[in-house]
Structures are given as C-alpha cells and as structure tokens.
Number of protein chains: 2
Amino acid sequence: MEGEGCLATLFDHVSDDDLFGAKTWEIAESEMVKVTLRNLFKKSKDPKPGFLLGGDLLNQCTASSFGALPFQIPYLGLYGACSTFAEGLLIGAAMLESKTVPCGAVFASSHFSSAERQYRYPLEYGCQRTPTSQRTVTGCGAVLLQANSKARSPACLIKGGRIGKIVDGGVTDANNMGAVMAPAAADTLVSFLEEHGENAQNYDLILTGDLGSIGAELFRELCAQKGVFLGEEYIDCGTQIFSQEQDTHAGASGCGCSAIYFAAKLFKQWQSGMYSRVLFLGTGALLSPLTVQQKLTIPGICHLVALEKEL
Amino acid sequence: MEGEGCLATLFDHVSDDDLFGAKTWEIAESEMVKVTLRNLFKKSKDPKPGFLLGGDLLNQCTASSFGALPFQIPYLGLYGACSTFAEGLLIGAAMLESKTVPCGAVFASSHFSSAERQYRYPLEYGCQRTPTSQRTVTGCGAVLLQANSKARSPACLIKGGRIGKIVDGGVTDANNMGAVMAPAAADTLVSFLEEHGENAQNYDLILTGDLGSIGAELFRELCAQKGVFLGEEYIDCGTQIFSQEQDTHAGASGCGCSAIYFAAKLFKQWQSGMYSRVLFLGTGALLSPLTVQQKLTIPGICHLVALEKEL
C-alpha cells in the first residue's frame, strides 16, 4: 500500500512481499530494517558510522535490534513510540556535537501487521476500524548524520531542537492517536516558537509526524488557542503517505510514517533547494495494550528538530 | 527482598509494599519510579534537569513514561534492556558535552512481578526456576548529571565510554541471561582496553551490570581467552544485591540491578574516596517473549562507562 500511495516513486526500495521473505511479521520487520540500512550504507561514501540509533513499536524493540545485528555498529536502542525518529535525530546531533565520533546513523521502523497483532487484534479477525483510526505504515527510514556539515550542498543542518515533555490530555481511546498526540505537539511547537521569539510563518515547512487528519486539525486548533496560527506551511506526514482512494480513515501512523516521509520526500525536497528552514516534529503516544486494559489515560510526547540551510 | 539483601542499609527508600500502593504490578513500577525521581530531585540543590533519560523492561517502556509524567521534564525514552542505565549515562554525557543544557537526569527501573508475568509466567503458577535463572530486581536507581564537574568533590566524572555492538552468541535459553550477555560484555571490555592500551589492573573496579554468578564466570573466561585477565578488581552487580541465604539461584538481574548498585553503593563508595578509576559495564539481553517463541537466538549488548576522579 505504501508503494501505491503518494510517495510511491520516491522510495529506494518497495517490496511486493510484506513478509520480506520471512515466516513471521516480526522477523519481516527486522528484514525490512536490514534492507533499509544496507541501502543507506551503500548510498553513502562516508566511513562506517560510529553509532546507530534506532527503534520501533514492537515489544522490547526487537525489530530494531535484530535488524541492526548484522551491521556490527555500536547500537543504542530508543523507545519514543512514533516520535523515535525525531528522538534519534536529536540524540544523534548531540553525540556528534560532543565530537567523539564524526558520523552516525538513525533509523525507525514500523510494520502494519506486526503492530496490528501486538496492539490490537490478529488480522484474521477482520476487525472493523473506527473513523479516527490510522493505518500503521509498513516502512523503515534511515539517515546518516555527519559532524562535517560542509560535505554536502545544500546542507540539511540540525540547527537545534526541543525535547518534548510528556503531555497527558486525558484521552483513553486507543483508536484515536491523533487526539492523544496533538496536545503534546502543540505544547512543543508553541514553547519552541515562544523561546525563539518566532512565529510559524518564519518557517518554510512545519511537519508533524503522524497526527493524521483528525489529529492535525486538533493540533491547528490547539496552536491557535495559544496564539500560534498555522497556515499553508503546515503538513502532517500521516496525511501524506496514503491516497484518499486507499481509504485508511484518519491517515498513516507508526514510527515508520515520519521516518519514510523524512528520508524519501523531505530530504529530496531539501536537496532540490526547496527549503531553508523546517521544523520537524516527531509525535508519539506512550501507551501499551496493557496500560489501555488497565484503564490508564494515554500520554503523548513530541520532539522537535529544527533544520536549517546554514548554521 | 532487596531491602533485606546486601545493600539493605544503603537505599534511600525501601517499601514494604511491593505494589507501592497501586492496584497492578505495572502501575506499582511507575509509582516506584516516581518515588525515586522525587528523592533525587529533593536531594539535589541544582536547578531542574534539562532532560530526563530513562527506561525499563515493560512493553513500550510504560513504567518509565508514566513514572516520568508528573515531573514535566523533557523526556527521552531508551530501550537497552538491562543495559539501559549505562546507555543513559553515555547519552546523557554526550548531551551535556554538546553544551545545550547544564544538567540532566538518568534513571532505570525493573520490578520482579511485572517482569515475571510479562516475560515468563503469572506468579500464581508457582513455576520452578532453573539453576541458571536470575531474579529481576524490584528497584529503581537515578542519578543527576552535571556539566559543571567542579561542583562536587570527589567528582565522579564520565571520562569516556564505549557503545556496545550487538553480539549474538547463539544462546536460545531464556533462563540463562548470563550466558547471553557475557560475550557482549567481553567484546566491549576487551576492545575498550585494547583501544586505550590498558589492562584490567589499571582500574580500581570493573563492574558488570547483571551477568549473575554463572555469567560472571563465563565473562572471566571469555576475557582470559582474549588475553584480558580479571582479578579481584572485577565484581558483577548481579551477585551483590541478594545474599546467599536469599537463594536467588544465579543472582540478580533487570534494569534496576545495575542502577540501584550504581546509585546506592558505587556512588557512596566514590564519595568516600575509595575509587579513582572505574569501568561500569551495563549488560543487556535483547530478547522478547515473542522472539523466544519464534525460536530466534538471543543477542546481547554491553555499554561501557569509564568513570574517573579527574579529567
């Protein structure tokens, strides 16, 4: 479905087999991570990265650890739910800034079928989905980070960022992730803009990770309530992966959603000179099936990465 | 059991109620995280940390996210299995080195009862445990990291470290975590010493996280095979939490094991001037119940943190 959606022509690799030759969905997700990292390292002429930051949605993040295993690169596992890719960019940038290694890599993955059976129901049940639900992206995105920013032109520099606080909006509906994450995204964006004395229109693009169509509308409203008015410069990755005809209800979600949009589309647009200043906001819902069963509310988190052409 | 074990007198807080006043083991673990962080921030006279790095063993690391929620500190979730505390120290040090914030905090937790029912069987089954099995520590350890190293004396400085590679020794027995993690620990320690042209005896203490008695012996052997001979300076936290009489078979394990040893014992020893050079190695097993059911081998990882009195 991802290969037939809006980004179809932009991916390095589309597999017709969502099992990636494996026997189970979970091993399939690890295989997908391997394919992605292999592609990344093949495309890169740089030396082997000094670290690898990654994560996914599976219990104990095994898609990432089994996917990273064959590459034998120092590995740090992250869990930021669907905000993992942005979390990796922030930590990776700090590690390069500390000048201990010149180069590292960041990835994040999700798989529709491994996520469905872990978080919801076995696919064979054929459950009906609510209008607010989103479809977990089967995809993995990865990027290389380098300390030597002069190496590429136009450079895509991580100028700064904001680590998000956990925000609990009191939502308990595990089929409405947009509503869970929107308050966290608004909190992070508004405080970042306030801190820097800027407004949304100072940026060419403000990109949230996977709020979906309902969450993105809510995010606009919450920002407006706080005096930040978002215009045409605002896009949510969750509304950009699948086409209307594919009918995924509220759009796309998952760690892979923002990771593949970033790597396949945003980075190419950046290289074509389309953008100079972009805010990338990774959004995550910090639930587990068990916290939902135990009737806890679902907190959200959102990490912001500020990208600029020049430091 | 932790409060009756070897470190009994060293903890800031011992609870007689392993439910910490909560209704479920998982919420109990979050409550334990809250108690620990509250204690940390009360003891510290420093400003509010700029970031909080933490993780645990529960699916989607919810003990950490729900535990961190009330403090409203920018939060980055980690998943390094039982190596999480060491992973947090390395990432935290890099973040301070990047000079964006002057202070941050790191924590890691585990809970015997939440881990048992998630990874193994409900406690009510009363399963027999194999001789190689270890007991997951019910405990949470947390530390404050500061960029201004002159603030305390004797300072405990993170001088360097080594992010571990994922090492797959081919072990499939989920009740023998020591054997899973020992090859990763040996790989990290030996390559660190080689890189710095040092031997084990250059350090006052070499401390592994939770290899347990069987894993620690295996670790000694694997190091010796690679020409690194460990003497009296080597200790494993997993053998130091519970007493012989408590009969936990191969010892203690879990994210909390090395975290509570570090915070309750090592740090106090350091402050008394006992050590000048210490290597702290966080060990982790990157399995999930599902990867075991799917007959995958269990890879291990080990991150090394080098602590020194002076830079």
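Preceding this section is the structure that the text describes.
Bear in mind that the values here come from a model prediction, so they are computed numbers and not experimental data.

Draft legend 1. The environment of Thr9 of chain A, seen in detail. Tracing the sequence through the fold places Thr9 of chain A in the segment before helix H1 (25–43). In this structure, the C-alpha to C-alpha distance between Thr9 of chain A and Ala264 of chain A, residues 255 residues apart in sequence, is 9.2 Å.

Draft legend 2. Region of interest: the interface of chain B and chain A. The interface is formed by 48 residues belonging to chain B together with 48 residues belonging to chain A. Inspection of the region where chain B meets chain A yields 0 salt bridges. The tally of links from chain B across to chain A stands at 18 residue pairs in polar contact (both at pLDDT 80 or more). Residue assignment for the side of chain B that touches chain A shows that the elements contributing at least two residues are helix H1 (25–43), helix H2 (62–68), strand E2 (75–77), helix H3 (84–97), helix H4 (112–119), helix H8 (289–293) and strand E11 (300–308) of chain B. Class assignment of the residues belonging to the side of chain B that touches chain A gives a composition of 27 nonpolar, 15 polar and 6 charged.

Draft legend 3. Structural context of helix H7 (residues 255–271) of chain B. All names here are of chain B. With 17 residues, H7 should reach 24 Å at 1.5 Å per residue; the first-to-last C-alpha distance of 23 Å fits that figure. Where H7 bends most, at Phe262, the angle is about 40 degrees. In terms of residue burial, H7 counts as a mostly covered element, since 12 of its 17 residues are buried. Taken as a whole, H7 has its buried residues at Cys255, Gly256, Cys257, Ser258, Ala259, Ile260, Tyr261, Phe262, Ala264, Leu266, Gln269 and Trp270. Trailing H7 by a residue or two, Gly273 shows a phi angle of about 85 degrees, which is positive.

Draft legend 4. Fine view of the side chain of Ser133 of chain A. Residue and element names in this part refer to chain A. Along the chain, the position of Ser133 falls in the loop between helix H4 (112–119) and strand E4 (135–136). Separated by 3.5 Å, the side chains of Ser133 and Arg129 make a polar contact. Of note is the side chain of Ser133, whose polar atom sits 2.7 Å from the backbone oxygen of Thr130. Setting aside anything within four residues of it in sequence, one finds Ser133 in contact with Asn175, Thr248, His249, Ala250 and Gly251.

Draft legend 5. Broad picture of the sheet that holds E2 of chain B. Residues and elements named next belong to chain B. Sheet architecture is open: 4 strands sit in the order E2-E1-E3-E5, paired in mixed fashion. The open sheet terminates on both sides in strands that have one partner only, identified here as E2 and strand E5 (139–146). Neighbour to neighbour, the strand axes of the sheet diverge by 20 degrees on average, direction disregarded. Across 3 bridges, strand E1 (residues 51–55) lies against E2 in parallel orientation. Of the residues in E2, the one forming a bridge with Leu53 is Leu76.

Draft legend 6. Geometry of helix H6 (residues 212–225) of chain A. Residue and element names in this part refer to chain A. Taking 1.5 Å per residue, 14 residues should reach 20 Å; H6 reaches 20 Å between its end C-alpha atoms and fits that length. Listing the buried residues of H6 in full gives Gly212, Gly215, Ala216, Phe219, Leu222 and Cys223. Projected onto a plane normal to the axis of H6, the buried residues spread over an arc of 125 degrees and lie on a single side. Of the residues trailing H6, Gly227 is marked for its positive phi of about 85 degrees.

Draft legend 7. Expanded view of the packing of helix H5 (residues 177–195) of chain A against H6 of chain A. All names here are of chain A. Here H5 crosses H6 at 40 degrees, and the two axes come no closer than 8 Å. When the axes of H5 and H6 are compared, the crossing they make is right-handed. Here H5 contributes Gly178, Ala179, Ala182, Pro183, Ala185, Ala186, Leu189 and Val190 to the contact with H6, which in turn contributes Gly215, Leu218, Phe219, Leu222 and Cys223. For the contact of H5 with H6, the residue count by class is 11 nonpolar, 2 polar and no charged.

Draft legend 8. Representation of the sheet that holds strand E6 (residues 157–162) of chain A within the structure. Residue and element names in this part refer to chain A. Ordered by their spatial adjacency, 5 strands build an open sheet running E6-E11-E10-E7-E8, and the pairing between neighbours is mixed. Edge positions in the sheet fall to E6 and strand E8 (234–236), since each of these pairs with one other strand and no more. Here the strands of the sheet are splayed against their neighbours by 20 degrees on average, with no regard to which way each runs. Here strand E10 (residues 277–285) pairs with strand E11 (residues 300–308) via 9 bridges, running antiparallel. By the bridge assignment, Leu281 is partnered in E11 with Leu304. Contacting E6, E10 and E11, helix H3 (residues 84–97) crosses the sheet at an angle of about 55 degrees to E11. Packed on one face of the sheet, H6 meets strand E7 (205–208) and E8 and runs near 145 degrees to E8.

Draft legend 9. Inspection of the state of the cysteines at higher detail. All chains considered together, the criterion is met by 0 disulfides over all chains. No disulfide involves Cys61 of chain A; its nearest neighbouring cysteine sulfur is the one of Cys61 of chain B, lying 5.8 Å away. Cysteine Cys257 of chain B is unpaired, with the sulfur of Cys237 of chain B as its nearest cysteine sulfur at 5.5 Å. Residue classification places Cys257 of chain B among the buried residues on the basis of a relative accessible area of 0%.

Procedures and definitions
Residues numbered from 1 in each chain as written. Chains lettered and ligands numbered in written order. Predicted model: local features only at pLDDT ≥ 70, side-chain atom pairs only at ≥ 80, totals over all residues. Heavy atoms only, no water. Helix = DSSP H or I, 4+ residues; strand = E, 2+ residues; numbered from the N terminus. Contact = heavy atoms within 4.5 Å. Salt bridge = Lys/Arg side-chain N within 4 Å of Asp/Glu carboxyl O. Polar contact = N/O pair within 3.5 Å; in protein donor to acceptor, adjacent residues only side chain to side chain. Nonpolar A, V, L, I, M, F, W, Y, C, P; charged D, E, K, R; others polar. Expected span 1.5 Å × (residues − 1). Bend = angle between axes of the 7 residues up to and from the residue. Buried < 20%, exposed > 50% of the residue type's maximum accessible area, 1.4 Å probe, protein only. Pairing = 2+ DSSP bridges. Axes fitted to C-alpha atoms, helices over the stretch in contact; angles between N-to-C directions. Arc of directions from axis to C-beta. Left-handed = near helix turned anticlockwise from the far one by under 90°. Disulfide = S-S within 2.5 Å.

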